[in-house]
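Chain by chain, the residues run as shown.
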Amino acid sequence: MSETATGVSVKGANQTGGAAGNNSFVVVANRLPVDMITEADGAKTWQASPGGLVSALSPVLEKHQGCWVGWPGVADESPEPFRTERGVLLHPVELTQYDYEEFYEGFSNATLWPLYHNLIVTPEFNRSWWDAYRDVNLRFATEVASVAAHGATVWVQDYQLQLVPGILRQLRPDLTIGFFLHIPFPPPEIYRQLPWRDEMLRGLMDADLIGFHLVSNVRNFVELCRSYDFEISGDITIREAGITITTPSGHKLGVGAFPISIDTSAMATPTASGSHEEADEALEQMHLDMGSPSTVFLGVDRLDYTKGILQRLLAFEELLDSGALDPADVALVQLATPSRERIDSYRITRSNVEEAVGRINGRFAQIGRPVVHYQHRSVSKDVLMRYYRLADIMLVTPFRDGMNLVAKEFVATRADSSGALVLSEFAGAADELTQAHLCNPFDIEDTKKAMLQAAWGLKDNPEMMKERMASMYNQVMEHDVDLWASAFLSALDKARA
Ligand code: ADQ
């Protein structure tokens, strides 16, 4: 048995590598891209799981015909590995109810998530959650070690699995290991609050390449590394590993900014299953059903306190209240995917959002014609596309967001340059979508101003608005998810070499 820098004990670790599987490209993420559903008759079926990581990685895995290691979304279940219709091998990792509560809800989502999102709620530091985090990371690493071919490339995803690179390096020194963080990396003074900050950082440093979305995330990370005994050289670059870090053991790793994006080809057609005419008719019907408002605002988010849904609703309410927006003329559609529902801060956020929806409709709606249309459920990609096309003004107002794919998805539906995007300056996407109506979501007046500028711009200055949207559309089309993945994977090859 040997011990990694993270303190996780690894049975059978050796210098030649453990037993290998036959997959030359393996992605490991907390969740598989599907959730296991148990039907009323006990039959097990699968349905696509929600969220940005799955949206981004599914096309990459399909292209490489790789193996995806992850949890199937239900505690105490360990289905057999199986291949999807599109050729991706799914390799489930079992989590017990205890793991789910301590590792997933606890350490991942009540410690790391708020810490990395700049303390929007207060992180909880709990020693038994940390123990569970280490155990589960060991289990994921062991599963990966069993499926990866000799010399395979393994791409570890996100904050739930930050110890996996270190454990995997012990188990399988032959592997090329990349790590990508989908959420922001916080300023060092915030990261340093973590009681297990040293173990966590050292677990990561055994990767060959660490990728973040933004230059500012890399800057935070490098600044943190300067306070450790690492050697740091190079400059921060985008889509390349411009920084090289050498650890005291002599291991070298690359670090760079790799802004994630979307599968633009999937957004180009109005529906996967119907014709353009059918899609247009469905869209028209939807608009009629809403009472044909002249301006439709849209929000699409996981129901998460980082996304600023309540503050967006409050800004809308104040605009109705002051008469700046006419309730007979506008509507706001808010789609909110259920998320992490047993965690207190999420329950409170949902209850505040739903109270605001009820109050705004109570104050401004007419019978049969709500002014806020709220759905607390996931919708299919086809239906989501229809909402994107229906909207005049997309509202993306998170307090903090690694990237925000919703903003890019909306822009990708605008080949005709119509519509406008109101975007928080604290979403990673704001670095690239500079022609959006940027706002500070902590400042309700600024949020209202951006919403009104977008609404007035569409009425009074349509040519200027088209230019702004066209520039964002070109940006997204030229920087899609293929570019993200190929830039990361080629930087990973170089870093390993
Ligand atoms: P998320 O926090 O999940 O992702 P985001 O990037 O916006 O946020 O992705 C959400 C995804 O879920 C989008 O692809 C969207 O289409 C889908 N979605 C949202 N609501 C939906 C609904 N009601 N029905 C169906 N689909 C819905 C994390 C980070 C982000 C980062 C991504 C990718 O928090 O900052 O951009 O990973 O790295």
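What this report covers is the structure whose coordinates are included nearby. (Residues numbered from 1 in each chain as written. Predicted model: local features only at pLDDT ≥ 70, side-chain atom pairs only at ≥ 80, totals over all residues. Heavy atoms only, no water.)

**Here we look at the overall build of the protein chain**
So the rule is basically this: Labels follow the DSSP assignment, with helices taken as runs of H or I lasting at least four residues and strands as runs of E lasting at least two, numbered in each case from the N terminus. Both definitions apply: the radius of gyration is a C-alpha atom measure, and the globule rule equals 2.2 Å times residues to the power 0.38. Burial classification: accessible surface area is computed with a 1.4 Å probe over protein chains only, and a residue below 20% of its type maximum counts as buried, one above 50% as exposed, and the rest as partly exposed. Here, two residues are considered to be in contact whenever any of their heavy atoms come within 4.5 Å of each other. Shrake-Rupley sampling with a 1.4 Å probe provides the accessible areas, and residues are treated as covered by the protein chains on show and by no other component. Residues scored as charged are limited to Lys and Arg (positive) and Asp and Glu (negative), so that His and the chain ends carry no count. Note that the charge is assigned to NZ on lysines, CZ on arginines, CG on aspartates and CD on glutamates.
Across its full length, the protein chain carries 16 helices and 20 strands. Its C-alpha atoms give the protein chain a radius of gyration of 23 Å, within 12% of the compact-globule value 23 Å for 497 residues. Within the protein chain, buried positions represent 57% of all 497 residues. Sequence separation of at least 24 residues holds for 71% of the intrachain contacts in the protein chain that already meet a minimum separation of 6. Approximately 19800 Å² of the protein chain is accessible, and the part contributed by carbon and sulfur atoms is 47%. The protein chain carries 42 positive and 66 negative side-chain charges, and their two centres are separated by 3 Å.

**Remarks on the environment of Leu201**
Note on placement: Leu201 falls in helix H6 (residues 197-204). Apart from the residues within four sequence positions on either side, Leu201 is in contact with Tyr191, Phe221, Leu224, Tyr228 and Phe230.

**Regarding the side chain of Asp304**
Rules: Think of a polar contact as two N or O atoms within 3.5 Å of one another; within protein, one of them needs to be a possible hydrogen donor and the other a possible acceptor, and neighboring residues in sequence only count if both atoms come from side chains.
Mapping Asp304 onto the fold places it in the loop between strand S15 (295-302) and helix H10 (309-321). Since its relative accessible area comes to 1%, Asp304 is described here as buried. A polar contact of 3.4 Å, which involves the side chain of Asp304, links it to the side chain of Trp113. Here the side chain of Asp304 touches Arg340 through a polar contact of 3.4 Å, side chain to side chain. Sequence-distant contacts of Asp304, that is, excluding residues within four places in its chain, are made with Trp113, Ile309, Arg340, Tyr346 and Thr349.

**Topic: the site of the ligand**
Selection rule: Throughout, near means a residue has at least one heavy atom within 4 Å of the molecule or strand.
For the ligand, the set of nearby residues contains 27 residues, the closest of which are Ser55, His182, Asp401, Leu405 and Glu409. The contact in question runs from an oxygen atom of the ligand to an N or O atom on the side chain of Lys381, over 3.2 Å. Between the ligand and Asn404 there is a distance of 2.9 Å, counted from an oxygen atom to a backbone nitrogen or oxygen. Relative to its unbound accessible area of 710 Å², the ligand is 95% covered by the protein chains.

**A closer look at the packing of aromatic side chains**
Short version of the rule: Side-chain rings of Phe, Tyr and Trp (the six-membered ring for Trp) are treated as a pair once their centres are within 6.5 Å; stacked means planes under 30 degrees apart, edge-to-face means over 60, and tilted covers the remaining angles.
Under the defined criterion, the tally for this structure stands at 28 aromatic pairs. Here the aromatic rings of Phe185 and Phe221 are separated by 5.3 Å at their centres, their planes lie at 85°, and the arrangement is edge-to-face. Pair noted here: Phe185 is in the loop between strand S10 (176-180) and helix H5 (188-191) and Phe221 is in helix H7 (residues 215-226), with a separation of 36 residues, a long-range link. In this structure Phe185 comes out as buried when scored by relative accessible area, which is 2%. Look at Phe221 and you get buried, because its relative accessible area is 0%.

**Here we look at the sheet that holds strand S18 (residues 393-396)**
Worth spelling out the cut-off: Strands are labelled as partners when DSSP assigns at least two bridges between them. Between N-to-C directions, angles span 0 to 180 degrees; the directions come from axes that are lines fitted to C-alpha atoms, helices contributing only their stretch in contact.
The strand order across the open sheet built from six strands is S17-S16-S15-S18-S19-S20, with neighbouring strands paired in parallel fashion. Among the strands making up the open sheet, the edge pair consists of strand S17 (372-375) and strand S20 (437-439). Ignoring strand direction, the axes of neighbouring strands in this sheet form an average angle of 15°. Sheet topology note: the S15/S18 ladder contains two bridges and is parallel. Across the sheet, residue Phe297 finds its bridge partner in S18, namely Ile393. Against the sheet, helix H15 (residues 462-478) engages strand S19 (420-424) and S20, with an angle of about 65° to S19.

**Focus: the pattern of salt bridges**
A side chain of one charge can pair with a side chain of the opposite charge when the charged atoms of the two come close. Applied cut-off: Salt-bridge detection follows one rule: a side-chain nitrogen of Lys or Arg within 4 Å of a carboxyl oxygen of Asp or Glu.
Scanning the model with the defined rule gives 25 salt bridges in all. A salt bridge links Lys44 to Glu77; its shortest N-O distance comes to 3.2 Å. Here Glu77 lies in the loop between strand S6 (67-71) and strand S7 (82-83) and Lys44 lies in strand S5 (residues 44-48), a separation of 33 residues in the sequence. A salt bridge links Arg342 to Glu105; the shortest N-O distance between them is 2.7 Å. You can see Arg342 sitting in the loop between strand S16 (330-337) and helix H11 (344-364) and its partner Glu105 sitting in helix H2 (residues 97-116), a full 237 residues away along the chain. Through salt bridges with shared partners, one network takes in Glu317, Asp321, Arg359 and Arg363.

**Description of helix H13 (residues 405-412)**
Burial runs high along H13: eight of the eight residues are buried. Of all the residues in H13, the buried ones are Leu405, Val406, Ala407, Lys408, Glu409, Phe410, Val411 and Ala412. Where H13 begins, one side-chain oxygen reaches toward the backbone nitrogen of Val406, 3.0 Å away; that side chain belongs to Asn404.

**Here we look at unusual backbone geometry**
A positive phi angle, near 50°, is found at Gln65, a position not held by glycine. Structurally, the position occupied by Gln65 is in the loop between helix H1 (52-64) and S6. A residue is classified by how much of its surface remains accessible, and Gln65, at 45% relative accessible area, is partly exposed. A positive phi angle is found at Asn118, which is not glycine, with a value near 55°.

**Focus: the pairing of strand S3 (residues 23-31)**
Walk down a regular strand and you will see the side chains alternate between the two sheet faces. Within S3, seven of the nine residues are buried, leaving the element largely enclosed by the surrounding structure. With five bridges connecting them, S3 and strand S9 (residues 148-157) associate as parallel partners. Residue pairing in the sheet places Phe25 in a bridge with Thr153 of S9. Sheet topology note: the S3/S6 ladder contains four bridges and is parallel. Opposite Val27, over in S6, you have Trp68 as the bridge partner.

**A look at the side chain of Arg340**
Along the polypeptide, Arg340 turns up in the loop between S16 and H11. Using a relative accessible area of 13% as the deciding quantity, one classes Arg340 as buried. Aside from chain neighbours lying at most four places away, what touches Arg340 is Tyr104, Asn109, Trp113, Tyr159, Arg302, Asp304 and Tyr346.

**Points about H6**
Stated precisely, the cut-off is as follows: Summarising the geometry, the arc corresponds to the directions from the helix axis toward the C-beta atoms.
All buried positions along H6 are accounted for by Met200, Leu201, Gly203 and Leu204. One side of H6 carries all its buried residues, which in axial view fall inside an arc of 160°.

**So, the sheet that holds S9**
Within the open sheet, the 10 strands sit side by side as S7-S8-S6-S3-S9-S10-S11-S14-S13-S12. Their pairing is mixed. If you trace the sheet from one side to the other, it starts and ends with S7 and strand S12 (231-234), each paired once. Sheet topology note: the S12/strand S13 (residues 243-246) ladder contains four bridges and is antiparallel. Bridging across to S13, Ile232 finds its partner in Ile245.

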